[in-house]
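Structure at a glance
This is what each chain is made of:
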Amino acid sequence: MFKRLFATALAFGMAATAPPAFAQNCAEREHVITKLQDSYAEELAFGGLQKSRGTQSVMEVWTSKETGSYTVLVTQANGISCIVAVGTDFFEAIPKIKVEGTPS
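This write-up is about the structure you can find in this document.

**A few points about unusual backbone geometry**
In most cases, non-glycine residues show a negative phi, while peptide bonds are predominantly trans. In the Ramachandran plot, Ala41 falls in the positive-phi region, its phi being about 55° despite a non-glycine side chain. Tracing the backbone through its elements, the reader meets Ala41 in the loop between helix H3 (29–40) and strand S2 (43–52). One non-glycine residue, Asp89, lies in the positive phi region at around 60°. By the secondary structure assignment, Asp89 is in the segment after strand S5 (80–87). Look at Asp89 and you get exposed, because its relative accessible area is 63%.

The structure is reproduced here in structure tokens:
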């Protein structure tokens, strides 16, 4: 489950390679996080490091189980975070249950 969610999030994070299109959606990380928590009841679901153009950034997905909203956030080393995707109706994938034993 985590691998699928992480792969999906990385695909969204690829949008971060075009900063001019998203430049107006950037601010100090603490300000963005406060807004996500207070206004949208979103919490950090998962994240990871992303390497692009020789630098590393942190990609995070924030979700709200209450409202179903989600936000994909990319934070640069300088502390500036950019919102690269938002949406509604977020869901978690249900992992397949592996049955133990010898297959017949």
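**Observations regarding the pattern of salt bridges**
According to the stated counting rule, one finds 2 salt bridges in the structure shown. In this structure, the salt-bridge partner of Arg29 is Glu60, at a minimum N-O distance of 2.6 Å. In this pair, Arg29 is assigned in helix H3 and Glu60 in strand S3 (residues 55–63), connecting sequence segments 31 residues apart. Of the charged contacts, one joins Glu92 and Lys65 as a salt bridge, the two residues approaching to 3.9 Å between their closest N and O atoms. Taken together, the residues Glu92 in the segment after S5 and Lys65 in the loop between S3 and strand S4 (70–75) connect sequence positions 27 residues apart.

**What to know about the state of the cysteines**
Under the definition given, this model contains 1 disulfide. The side chain of Cys26 participates in a disulfide bridge whose partner is Cys82; the two sulfur atoms lie 1.9 Å from each other. Between Cys26 and Cys82, the S-S dihedral sits near 110°, and the bridge is therefore right-handed. With Cys26 in strand S1 (residues 26–28) and Cys82 in strand S5, the pair connects residues that are 56 residues apart, well separated along the chain. In this structure Cys26 comes out as partly exposed when scored by relative accessible area, which is 27%.

So, how was this worked out
Residues numbered from 1 in each chain as written. Predicted model: local features only at pLDDT ≥ 70, side-chain atom pairs only at ≥ 80, totals over all residues. Heavy atoms only, no water. Helix = DSSP H or I, 4+ residues; strand = E, 2+ residues; numbered from the N terminus. Buried < 20%, exposed > 50% of the residue type's maximum accessible area, 1.4 Å probe, protein only. Salt bridge = Lys/Arg side-chain N within 4 Å of Asp/Glu carboxyl O. Disulfide = S-S within 2.5 Å.

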